[in-house]
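Architecture at a glance
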Amino acid sequence: MSQTNSSLLEEVVQWSQETCRQQLKSVLPKLVSLHHESDSWDDHIRVLKTITDMFLPHIGLLELEDECFSKILPKAVTMFNSMMKELMDQVGGLSSQNTEACALLRNILQAMMQIIDALSACVRHVGSFEEAPDVHIIRSLPICILKILLETFQHCKDSEEVYCGRLSLVADLLQGLFKEAYSLQKGLLEVLDRISLDGNASEEEVSDIVTVIHSLLDICSVISNLDIALHANTLKFLIKQSLKYRSLVEEHLHHSDISNSLCDNLLASFHSCLELSEQIKRDGLQESTQSPEYKLFQKTAKMCRFFANTLVHYIKEFKFFLTKFCRNFHQLYLQITSKFPPSLCAPELPAALSGELNAAALVPMDAFLLQLMPLRPFAEVVLQPDLQLDPDHELPQCLLLVNVLGQLARQPEEVLQLWHSGCQFSEETPRLPLYQAIFIHFRRCYTERRVPVRLPGVMLKGQAQVHVSLHHHVCVQLCASVAVLPSEYFPMLERCLVDTVMEVDTQTALLGIDVWCFTARYGSAELCLHHVLLVANLLKVCTSECYQLLHMGLLLKRLVFLMTPNHQMDLVAHFPPSEVENLGVWNHVLLKALSQDARQRVETNITDLTQKVVTEWQKGGYKLGQVDKVNMALLSLLLVVRGHSSPEERCLLSAVRMVTQMWSRMSPDQLQTHPVLQYTVQLLLSLTAVLVKNIEPHIICQALLCLDAVVSQKCADQLLLAALEFLSSLGKIFVPPDSQSQILPRLSQLFGVLLADNSWLLHQHTLEAFSHFAENTNHEEVISQSLCVEETKNKVVNYLSKTVSTQEDVESRLQRLKQETQVLHQHNKKLEGRETESNQCAAETEVITDSEPCHKKARQETTTEDECSRYVQTAESALRALQAVMESKDNTTAPPPQWLEPRLQELQTLITQISSAKPTT
C-alpha cells in the first residue's frame, strides 16, 4: 500500500462516526478503490473492516448495493478463496516442530474469520432497517456470503482428512471459524426471510432467489454430517423459500437435486437410527434414557421424522415436477419398510426404540404414499408386469399394494381408474390391475408365508388388536375393497380371480378363493349362482388331474355353501348327478352343504348311478377300459357315505354290497399287472374305512392281501395314505375268533413295515393312524406285535408323548426356508410349463357379469329362534347317541355307570328350569 493510501487509512480510522457520515460520499469511493488495489491480505482486510465498521452504518438501504455491496463483496470472496487455496498449499508443512508453518496457517484462519466478521456486519446492518429489503437492493450480499459459507463448511468437514492428525494445532481456530460461519448464516437467513416478491418480480430477481435456494442446497450436502441443527434449519429454510415463491420458481428449481437430497438424508438418518438402536441393544442401554447413545438416537430419530415429513410436503406441492423420480420414491418406500416388522430382514429392537423409529420413519410413509398415488408414473412403476425386486423387498411391495388398495376408497374416479383398470391401450406403458399385482406379489412372498410373518389385525367391536398372518391381512383388505368397489370394475376383478385360482401356487389360489367366496356372499344370490355355474362348467371340461382342477374344485365346494336352496336345485338340474359326465362336478361338492331336498336327490342319483356302472362293468366282463368310469362312480359314492355320520339304510346297504362286489374282483396279482387298478384299490380302501363295521371279515382279509402288494410295490403316496386310513379304521371293530389268525398277524406286519418307512410324510401319517388304532382296538396284541423293532417302538413312544427330538433355531429355519423357496419356485415353473386342457379351458373362458350387479342380499342375522333350534338339535343328537349306546347289543350285559343316573336327573331339572323360565325385559 502506498504511503498516501496508508496515510488516508490511518487518518480515517481516527474519525468519529459523525465525521464518517459527513465524508461518506467523498471517502467511500477512495476506500473501495483502495480495497481493489491492495496487494496484501492484511491491507485488504484493514480496508474491508474500515468500510464495514465505520462507513456502512451511514449508507441507506437503497444505496447499499450500488455504492457498497456490489463493489466490495465480490473482492472479499476472491480474497477468501485465495486464502483457502494458500491454506491447502501450506498445510502439508504443518507440525508442532515447524512453528513458522503453524503460525502462518493460524494467521490465515484468523484472517478468514475477520472476513466473515465483516460480512456479518453487512448482514446486521441490512437487518437493522425496519422495512424489508427488496432482492435487487442487496443481491450481491446473499450470493457472496453463501459462496464463502460453502467453502468454510467444506473445509471444516474435511478438516480431519486435511490436517492428518495435526488438527489439534489449529482446532481452536477451526472451531471459531465454524461458529462465526454458523452465526453468519443464521443472520443471513433471517434477512432473506423478510424479503417478499410479488407476481411482478423481474427475471433477475427470480434468478437471484433460485440461486439462493440452490446454494443453500449445496450447503446442505456439505453439512449433513457436520451439524444436525444447522442442517435441519438450512433445509427447512430452503423448502420454505421454495414454497413461498412457488409460482415464480417452480419451473426453475432443480427438483431432482432437492428431492434426491431429501431422500438421501432421510435414508442416512434412518440407517443411523438403526445402527444406534442395535448398539444400544447390544450394550444393554435401552433402559438408560439419559445415556449419550440414547439421546443421540432420539436426536437422529427426530431428524429422520423431519426429513420424512419435509419430503412428503415437498412432493405435495411440486408433485407434477417430480414424476421423473417416481422410481426413486418407490425404492425409498421399499428400503424403509423392509427394515420394519413383519419383514424378515428387520432387526429385533427394544419396544421403546422400535416405537420411536416407527413414528419417525414408518408412519410418514403412509402420507408419502398418499401423495404419490395420483401420479401415473408412480402407478406405472409399482404395477409394471415384470417388476424385478430384491427378495427382501417382495413383502414390502406386497404391503405397499395393499396399502394403496386401502386408500383408494377415498380417491377420485381418475385415481381409481388409474390403479384398477390396468393398461387400456397398446401405446401405454404396461400396467397391471391392482388386484392382479397384489396376487402376483403375494405369491412371491414364499418364505414370509411359511414362517409366517404377523401383522396388526383390525380392532373389532372393542376387542383388543391381535396379530394376524400375512394371508389373513391381505385377505381382509381385499375383501374390504371389494365391498366398496364400483360396479364397472367387477369384470376386471373376476378376471383376476379366475387367473389367481388357476395359479400353480396353492396358497395364492386359496387367497383368490377366499376373495371369490366373499364376492359371491356379499353380492346377490343370482351372482352366486352365476359363479357356481361358471366354476362347475370349468370343472366339467377340465378332465385331467391337475392343480387347476384341485383349486377350482375347492372353490366350488365353498361356493355351494353360499347358495340358496332353490339355486342348489338349479345346480342339480344343470348338472344331473344321474349322468356319469357330471360326476366330475359332484365329486367336488360337500353334500352337507346342500338343502335336504337337494342332498337326498343327489345321494339317490349317485348311489343308483354307481350301482349301474358297477353292474355294467360286471356284465361287460370287467374290462380295464371301463375302470376310469368305475373309479369316477366310486369316488362319488365315497363322498356320499362320508357325508353321513350314520348313512341311511338304503344307501348303506347298497354301498356295502358294491364294496363287497368290488373287493371280490381285486387280487395282488392284478395290482402288479394292471397299475390302473391301484386307484380303484385306493377308493375301495377309503370306502371300506367308512363302512368297516358293516364289512364281512373275509372281505377285510382280501383287502389286507391287496395291501401287502401295495406296500411291497412302493405305490403312490395317495394310495398308501388311503391304506393307513383303512388300517386305522380296523381299530373300531372286533375280529371274530375264527378270522383272527388271518387278519391280526397281517395287520401287525403292515403296521410294522409302514412305521419303519423312511419317508417323513408317510411316517408321520403312519404314527397318527397307529395311535388312532391303538386307542380304539380291543386286539392289544396287534400293538405289541407291531412294535417288535426297538427303534420303531421308540418313535411311537416319542410321538405319543409329544417329544421333540431336535429344536431348530430361528435363523437356521429361516435359511432353510429360503433354500426351499428356490426349489419350490423351480417346481412351480415346471408345472406352469405343462400345457393341459385345464390351461386351455381357463384361457378360453370369458367371465361375463352385468354392467350393474344385482342388489346385494340382506345379511342374515341370527335370531333367538334360530339359536334355540340349533342348541335343541345338538342336545337331541347327544341324547339319542347316548340312548343308542345303552341299547347296543355289546352293552346289554354290562351295567350302566353309577354316575349316569344322577347326571340324567340333573339334566331333567335343568330342562324344567328352561321350560319355566320367563324372558327378561
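These lines cover the structure that appears in this document, whether it is placed above or below.

Calculation rules
- The numbering scheme is per chain: residues are counted from 1 as the chain's sequence reads.
- Predicted model: local features are reported for residues with pLDDT of at least 70 only, side-chain atom pairs are reported and counted for 80 or more only, and whole-chain, interface and lining totals are derived from all residues.
- As a rule here, side-chain values come from all non-hydrogen atoms in the structure, and water together with hydrogens is ignored.
- Numbering goes from the N terminus for both helices and strands, where a helix is a DSSP run of H or I of at least four residues and a strand is a run of E of at least two.
- Partly exposed residues are those whose accessible area sits between 20% and 50% of the maximum for their type, while under 20% is buried and over 50% is exposed, using a 1.4 Å probe and protein chains only.
- Note on definitions: a residue-residue contact is assigned when non-hydrogen atoms from the two residues lie within 4.5 Å.
- Think of a patch as exposed residues, more than 30% relative accessible area, with no salt bridge, where like charges cluster within 9 Å and nonpolar side chains (Val, Leu, Ile, Met, Phe, Trp, Tyr) cluster within 5 Å.
- Reported accessibility uses the Shrake-Rupley method at a 1.4 Å probe radius. Residues are deemed covered only where the shown protein chains occlude them.
- The term salt bridge refers to a pairing of a side-chain nitrogen on Lys or Arg with a carboxyl oxygen on Asp or Glu at a separation within 4 Å.
- Disulfides are defined as pairs of cysteine sulfur atoms found within 2.5 Å of each other.
- Between N-to-C directions, angles cover 0 to 180 degrees, with each direction set by a line fitted to C-alpha atoms, over the stretch in contact for helices.
- For classification purposes, angles smaller than 35 degrees are called roughly parallel, those larger than 145 roughly antiparallel, those between 65 and 115 roughly perpendicular, and all remaining angles oblique.
- Note: crossing handedness is left-handed where the near helix turns anticlockwise from the far helix by less than a right angle, and right-handed where it turns clockwise.
- Amino acids outside the nonpolar list (Ala, Val, Leu, Ile, Met, Phe, Trp, Tyr, Cys, Pro) and the charged list (Asp, Glu, Lys, Arg) are all regarded as polar, and Gly is one of them.

**A closer look at the environment of Cys220**
Of note, Cys220 is situated in helix α10 (residues 203-223). In this structure Cys220 comes out as buried when scored by relative accessible area, which is 1%. In the structure, Cys220 is positioned 12 residues away from Ala232 in sequence and 8.6 Å away in space, judged by C-alpha atoms. With near-sequence residues (within four places) excluded, Cys220 lies in contact with His231, Thr234 and Leu235.

**Brief notes about a nonpolar patch on the surface**
There is a patch of nonpolar side chains on the surface, built from Leu879, Leu882, Met886, Leu904, Leu907, Leu910 and Ile914 and spanning about 590 Å² of accessible area. Listed by contribution, the elements that provide at least two residues to the nonpolar patch are α42 (864-887) and α43 (900-916). By residue number, the principal contributor to the nonpolar patch is α43, which donates four residues. You can see Leu910 is positioned in helix α43. Here Leu910 falls in the partly exposed class, since its relative accessible area comes to 42%.

**A word on unusual backbone geometry**
Pro342 follows Pro341 through a cis peptide bond whose omega is 10°. The residue Tyr622 is not glycine, and still its phi comes out positive at about 55°. Checked against the element boundaries, Tyr622 lands in the loop between α29 (596-619) and α30 (627-642).

**A closer look at the state of the cysteines**
Tallied over the entire structure, the rule returns zero disulfides. In this structure Cys20 is a free cysteine whose sulfur lies 13 Å from that of Cys68, the closest cysteine sulfur available. In this structure Cys706 is not part of a disulfide, and its nearest cysteine sulfur, from Cys701, lies 10 Å away. Residue Cys706 is classed as buried on the basis of its relative accessible area of 0%.

**Remarks on the packing of helix α15 (residues 326-337) against helix α16 (residues 351-372)**
With their axes 10 Å apart at the nearest point, α15 and α16 run at an angle of 155° to one another. As judged from the angle between their axes, α15 and α16 are roughly antiparallel. Once α15 is placed against α16, the crossing between them reads as left-handed. Within the contact between the two elements, α15 uses Phe329, Leu332, Tyr333, Ile336 and Thr337 and α16 uses Ala361, Leu362, Met365, Phe368, Leu369 and Leu372. When grouped by side-chain class, the residues that make up the contact of α15 with α16 number 10 nonpolar, one polar and no charged.

Keep in mind that these numbers describe shape and distance, not what the molecule does.
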